[in-house]
Every structure is written in C-alpha cells, then in structure tokens.
Amino acid sequence: MTAFVLASVLGILFAAGTFLLLRRDLLRVVWGVTILSQAANVYLVTIGGIVEPSADSVPVLAGHGEHAPHTTDPLVQALVLTAIVISFAMTAFALVLTYRVYQEHHTLDLTTLGGEP
Amino acid sequence: MLVALLSIVATLGTRRRLGTQIALSVAGALAYAGTVLAIVWRVVFSPTASAATYQLGGWPAPFGITLVADALSAFMLSMVAVVGCAALVFSVGYMTPDEQRVFYHPLFHCLLLGVSGAFLTGDLFNLFVWFEVMLLSSYVFVAFYGRKKHTRAAFWYVVLNLVGSVVMLVAIGGLYSVTGTLNMADMARRLADPAAFGIGVEAVVGLSALLFAVFALKAGLVPFQFWVPSAYRAAPLPVTALLAGVTKKVGLYAIVRLYFTVFGATRLSVSIPGVGGDSLLAFYGAVLFALATASVLVGGLGALSAGELEGVFAYSSISQIGFISIPLAIGAASSTPAIHRLAVLAALVYALNHALAKGTLFLAAGTVRSAVGTSRLRDLGGIASRSPALAGVFFVAALALVGIPPLSGFFGKLLVFDVALRAEATFGLALLLGGTGLTIAYTTRVWNRAFWGTQTPAVSASSPNRLQLAVVVALAACIVAVGLGFDPIYRFADAAASAAIDRGAYVDAVGLTGGEGA
C-alpha cells in the first residue's frame, strides 16, 4: 500500500515539476527544478527499505554489541542528505539569478527574453 | 585536490589584498601542477607504477569513499594542470583588478577542485557531488559579468544543468538499488557476473542510458549542445578556455570510465538492426556514433557561420567533441578488446590535443579581445602584420586542430583514422574526412578575416599584453613539443587506455577481489 502511495506521489511530483519547467515564467521554471529535485530525493528515500541489520550493510554496527535495532539502509539517507544540501544551494543560486535576470531585463517572461541568448 | 582546496582557503583569506591573493593563487596552481606531476610519476612512469588508491576515513572499499588515481585519471589530471595553470596566469593579465578582487581566484580553484575530484573519485555518488562542485563554480563564471546576455546565458545553463543533475541523481539511485553498491569497482565486479549477485541487467541498461544522457549533456554532444555557445560566449575567456579544454572532458571521462570500465562487462544480446555484439557497449556504440555524427556536422556548420572569435571556437569545440567521441563509438561497437584499447587511446590523445589547441585558441581570442577591444570578425583584420607572434600562435593552434604534422593534432587524427580503418567503419571514415574539411574551412575563414588583409583602425591602434602573449606562446610551444616528442605521451595515453579497459586491475586496485581480467 505504502509503495503505491509513494509511487503515485513520485509520479505526481515529477509530472508537476516537468509541467512547471515548461512554463513561460522564469520563477515557475525555478519552482519546477526545485520540485523535480525534491522528487528525486523522495525517490532516493524510497530505495532503502527496512532490513535486518548486519555489519555487512551497516559497518558501524560492528561495534554496536548484540542488540541492534532494525535499520533502513543508512547509505540512502546519507545520499539524500547530501543531495538535499546540494539542491538547496542550487535553488538559492537559481533564485538569485532569477532576480538578477529581472533586474537586467525587467521581465521574467521567457518569450520576451527570446530564445538564443 | 587538497592543494586546490588549500588554494581556495588561502585566496579567500587574502581577498582584501589583491597582490597577495594573486601570488597565492598562482602558487596554488603551480603546486597543483606539481602534485599532478607527482601522481603521474607515481602511477605511470615510475618503475613500480601502479594505480594509487586512498580510502577516505579508513573504511574498506565498498563502504567508504574511495579515491582512485589510475593512469586514466592521471592523464586527464595532467590535462587539467597544463590548461588550468596557463588559464590562471593568463587571467592575471586579462581580468581587470576589480574583476579579480573578490571571488575570481577562489572560484577558479573551486573549479579545479571539482574537476580533479570528478577525475579521482571511485564512487558514483561522489562523482555526482564533484560534478555539482564543478558546475556551481562554473555557473558563477558564466554569470560573471552580470550584464544582459550573461545573465540570460547563465540562466539557461543553470536550469539545464539542474535538470541534468536531477536525472543523474535518479539514475545513480536506481543503479544503487539494482546493483546494491555505489563503488564503481564493486559495481564493475558485480555487473561482470550479474546472476551471482541477483542483478537484473535490463534495469541497468535503462539507468545507464539515463546517465549517458547526463554525461552527453555535460560533454555538449549534439542533441544537448544548445547551452554551449551562449555559455562560452558569456564566461570570461580564460575560464572558457578551461571550460572547453577541461570541464567538457569530465563528461567524456565519465563515459569512458563508466561505459568501458564499469558497464562494459555486462553481457547482453543487442538486437538493433545494424548493431552486433553481445555487450552493453555495443548499444552505446551505436548511440554515441549518432551523437558524434550530429556533433561534428552541427558544430562545424555553426563555426562557419559564427560572427565572433569566441562563437567560432565554441561551435568548433562541439564539433571537436564529436571527433573525440567517434573513436569511442567505433571502439564500443566492436567486440575485440584490442580495438577497445586503441579506440580509447585515440580518443584520449585527441582529447589532449583539443584541450591544448582549444585552450590556446580561447586564450588567443582573449588576447585579441583585450588588445583590440572586440572579437567580432567584422571588425578585425591584419593582426598578422600588427603582431606576428599572436598570429603565429593562432596559426599553430589552428593547424593542430586541423591535424597537420608535426603538431599534436596530427597524432590524434592519425590514431582516430587508424581506429576507423581497423574497425572497417567506412561511414566513420567519411565522416572524419568531412569533419576535417569543415575544420579547415572555418579555421581558414577566421585566419583570412582576422589575421590577414588590411588592418582595421581598431587593430592598428592595439598592442597585445606581454603576459598574455607569453602564456599563449608557451601553450603553442606545448602543442609543438607534444607533437615532436610524442613518444612519452603515447606511452602515457597507452597506459591510460589500458587502465580504462582493464577492469580486473581497476577492481584489484580498489582493494576488492574477484575482478575478472578483461
């Protein structure tokens, strides 16, 4: 059940991101990119299911004694953390750039900006 | 890498005192080159040469982050070192003090850091991270001047690459879930024997195709080429030299590394008309060939119609990337390991030539621009009589691009033709000849318009900057030196190509056992 919900949420996120990406408004494009990267992050999280812990998959458990709780794949979480930080930085940069484009061109409409820069 | 990182910190710390900052920055670049030289010696030329690995944090290979310096990485790194140093020294003379004052030098080193990280990492996810490090600094450079066309070019560039990053992230995540590892050596080992590890090969094909699209985007192969000209025209010229000469090669490096070393082991029967072979590589051979064909033609024609020096060179680098990919495509499509090796060898030598020649050309364009004040072909003319040295540099680099002996380009072209002949790829051969014709056409056009003919008023009032001229002359000398003393370069590239093909050695170097010798 969760798998279905997650899958459809992912689908909706990707679709929304792509839709926004194709809009004429620059700000919407940035939103689209943000949503897309968010979708990718969610997708990454879904990869790691809850598994029996072992020192093979989770090396830190080797020094954890006998009783280890069930864990998700920690690697995936680490990856998502990194990816979130990166996409956060990129979004910030894209927003600043959008502001700058607005300052220079006084418009955020892609058709007015023209195709070939 | 550590050196580049130190340079970032050092240049950040001294941003108020420009003189110190420049001195530190140049020293950092030289130290970087020295480190690369040490790596090259250690990995390729020393009597006990072997790939060097470093496990970050001391965790053993499949878990920890691995840095691998084998001959392939070393080859790419040495390219970075040469072009990077030249571009940095050049930019000291090219950029105005105001432009250099705050962030230029730290960012430059950040770019170097990202590129070398991407070349050295042995881990798929870290490849993504280093790509981002590299891209983030290049975004800033594309938007550097902050005027109308720059912001617009930067916006395209940023959005495209962000989408590329998302796709890459998805592909990497998928590969992780399919193969259960992110370490490239481990992945190669598992993919060589998919049944034993319970891997569905079909999923790998799809995911690696996604990754392939991303790398083609970074390399600027044709359906993904549209960001190249505007971004290159917008960035400061020394940085463009680095972008065209080196950053693009990261995409190619990733293709070579992943598709020859990692995915190449996967056996899969391909049943596309006109494509034979039982390896994943054969599929990519066909795809890459189509992309390369389009790149050569579009790039060449674009260069013929561009109106500025930078425009010509930007389109020309699209076409040259096509040239570099052709041997890779031919090699991938064939099934004999000997041709694989030769193909990678040809591509590497050609890539080296392109890095040197295109770096020189962009820097020469920078010299023209800062001396004359414009780089529009319409306003140029007679530079040859005004500054013979500059014209000579352009002449040498253009000839290297065309592939005239005894310059470095000749060997690149020779090897590429050799691969095409041996693999009996008739169409590839015809394409190479046609592409070379286009190269001759657009370099001649630039030469006739800008360097010969009567001097325009702007040109006769100009005098090129000494430091800039010295750098481009040194680079041109490099081209000649590579061409004349080609033997060690050949051995180096040969070692790099073997390293790219020899999956078993790569797996062993990382410290995993069970790699099959290829």
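Computed from a predicted structure; not experimentally measured.

### What to know about the overall build of chain B
Tallying secondary structure elements over chain B gives 23 helices and two strands in all. Counting the 518 residues in chain B, one finds 62% classified as buried. If you take every contact in chain B between residues at least 6 apart in sequence, the share linking residues at least 24 apart comes to 78%. For chain B, the computed accessible surface area is about 16800 Å², with 67% contributed by carbon and sulfur atoms.

### Remarks on the overall build of chain A
Helices and strands together make up the secondary structure of chain A, namely four helices and two strands. Of the regular secondary structure in chain A, the N- to C-terminal order runs α-α-β-β-α-α. Across the 117 residues in chain A, those meeting the buried criterion constitute 34%. When contacts within chain A are restricted to residue pairs at least 6 apart in sequence, long-range pairs at least 24 apart make up 52% of them. Carbon and sulfur atoms form 69% of the exposed surface of chain A, whose accessible area is close to 6900 Å².

### Section: the environment of L356 of chain B
Residues and elements named next belong to chain B. Residue position: L356 is located in helix α15 (residues 337-372). Spatially, the C-alpha atom of L356 lies 9.0 Å from that of A400, the residues being 44 residues apart in sequence. When sequence neighbours within four positions are dropped, the list of residues in contact with L356 reads V82, L475, C478, I479 and V482.

### Observations concerning the packing of aromatic side chains
Two aromatic rings are characterised by how far apart their centres lie and by the angle between their planes. Residues and elements named next belong to chain B. Summed over the entire model, instances satisfying the criterion amount to seven aromatic pairs over all chains. Geometrically, the ring pair formed by Y139 and Y157 is edge-to-face, given 5.6 Å between the ring centres and 85 degrees between the ring planes. Of the two residues, Y139 sits in helix α6 (residues 124-142) while Y157 sits in helix α7 (residues 148-179), which places them 18 residues apart along the sequence. Across the pair, exposure class does not vary: Y139 and Y157 are buried alike.

### Quick notes on helix α5 (residues 104-120) of chain B
The end-to-end C-alpha distance of α5 of chain B, which contains 17 residues, comes to 24 Å, matching closely the 24 Å that a straight helix rising 1.5 Å per residue would cover. Among the 17 residues of α5 of chain B, 16 are classified as buried, and the element is accordingly described as predominantly covered.

### Some words on the interface of chain B and chain A
On the side of chain A, 37 residues touch chain B, which itself brings 34 residues to the contact. Summed over both sides, the interface between chain B and chain A buries roughly 3200 Å², with carbon and sulfur atoms accounting for 81% of that surface. One can count zero salt bridges joining chain B with chain A. For the interface between chain B and chain A, the tally reads two residue pairs in polar contact (both at pLDDT 80 or more). Elements supplying a minimum of two residues to the side of chain B that touches chain A: α6, α7 and α11 (227-234) of chain B. With 18 residues, α7 of chain B is the largest single contributor of residues to the side of chain B that touches chain A. In terms of residue class, the side of chain B that touches chain A is built from 23 nonpolar, six polar and five charged.

### Brief notes about the confidence of the model for chain A
For chain A, per-residue confidence averages 76 on the pLDDT scale, and 70% of positions sit at 70 or higher. Per-element mean pLDDT across chain A ranges from 58 in strand β1 (residues 50-51) of chain A up to 84 in helix α2 (residues 26-47) of chain A.

### Overview of a nonpolar patch on the surface
Taken together, the side chains of L27, W31 and L95 of chain A define a hydrophobic patch exposed on the protein surface, amounting to about 310 Å² of accessible area. Judged by relative accessible area, L27 of chain A falls into the partly exposed class, the value being 34%.

### A look at the nonpolar core
Residue and element names in this part refer to chain B. Ranked by internal contacts, the top residues of the largest apolar core, which has 207 residues, are F215 and L258. No other element matches α15, which puts 22 residues into this core. The contacts of F215, once residues within four sequence positions are left out, are L127, F131, M168, G251, A254, I255, L258 and Y259.

### Some thoughts on helix α3 (residues 74-105) of chain A
Between its first and last C-alpha atoms α3 of chain A spans 46 Å; for 32 residues at 1.5 Å apiece the expected length is 46 Å, and the two agree. Once α3 of chain A ends, the next one or two residues include H106 of chain A, with phi positive near 55 degrees.

### Quick look at the pattern of salt bridges
Residues and elements named next belong to chain A. Within the structure shown, the criterion is met by one salt bridge over all chains. Ionic pairing is found between D25 and R28, a salt bridge with its closest N-O pair at 4.0 Å. Since its relative accessible area comes to 24%, D25 is described here as partly exposed.

### Side note on the side chain of S165 of chain B
Position of S165 of chain B relative to the elements: it lies in helix α7. For S165 of chain B, a relative accessible area of 6% translates into the label buried.

### Description of the environment of T247 of chain B
By the element assignment, T247 of chain B lies in helix α12 (residues 237-262). If we ignore the near neighbours within four places in the chain, the residues touching T247 of chain B are V115, M134 and L242 of chain B.

### What about the side chain of S317 of chain B?
Structurally, the position occupied by S317 of chain B is in helix α14 (residues 309-333). Ignoring sequence-local partners within four residues, the contact set of S317 of chain B consists of Y232, A244, K248, H354 and K358 of chain B.

### With respect to the packing of α11 of chain B against α14 of chain B
All names here are of chain B. The interhelical angle for the contact between α11 and α14, taken along N-to-C directions, is 140 degrees, at an axis separation of 9 Å. Taken together, the axes of α11 and α14 are oblique relative to one another. Like other packed secondary-structure pairs, α11 and α14 cross with a definite hand, here right-handed. The segment α11 lies against α14, with V228, P229, Y232 and R233 engaging E310, G311, A314, Y315, S317 and I318. Of the residues in the contact of α11 with α14, the class split is six nonpolar, two polar and two charged.

The rules we used
Residues numbered from 1 in each chain as written. Chains lettered and ligands numbered in written order. Predicted model: local features only at pLDDT ≥ 70, side-chain atom pairs only at ≥ 80, totals over all residues. Heavy atoms only, no water. Helix = DSSP H or I, 4+ residues; strand = E, 2+ residues; numbered from the N terminus. Buried < 20%, exposed > 50% of the residue type's maximum accessible area, 1.4 Å probe, protein only. Contact = heavy atoms within 4.5 Å. Areas by Shrake-Rupley, 256 points an atom, 1.4 Å probe, with all protein chains shown as cover. Phe/Tyr/Trp six-rings, centres within 6.5 Å; stacked < 30°, edge-to-face > 60°. Expected span 1.5 Å × (residues − 1). Buried area = accessible area lost by both parts, 1.4 Å probe. Salt bridge = Lys/Arg side-chain N within 4 Å of Asp/Glu carboxyl O. Polar contact = N/O pair within 3.5 Å; in protein donor to acceptor, adjacent residues only side chain to side chain. Nonpolar A, V, L, I, M, F, W, Y, C, P; charged D, E, K, R; others polar. pLDDT = per-residue confidence, 0-100. Patch = residues over 30% accessible without salt bridge, like charges linked within 9 Å, V, L, I, M, F, W, Y side chains within 5 Å. Core = buried A, V, L, I, M, F, W, Y, C linked by side-chain atoms within 4.5 Å. Axes fitted to C-alpha atoms, helices over the stretch in contact; angles between N-to-C directions. Parallel < 35°, antiparallel > 145°, perpendicular 65-115°, else oblique. Left-handed = near helix turned anticlockwise from the far one by under 90°.

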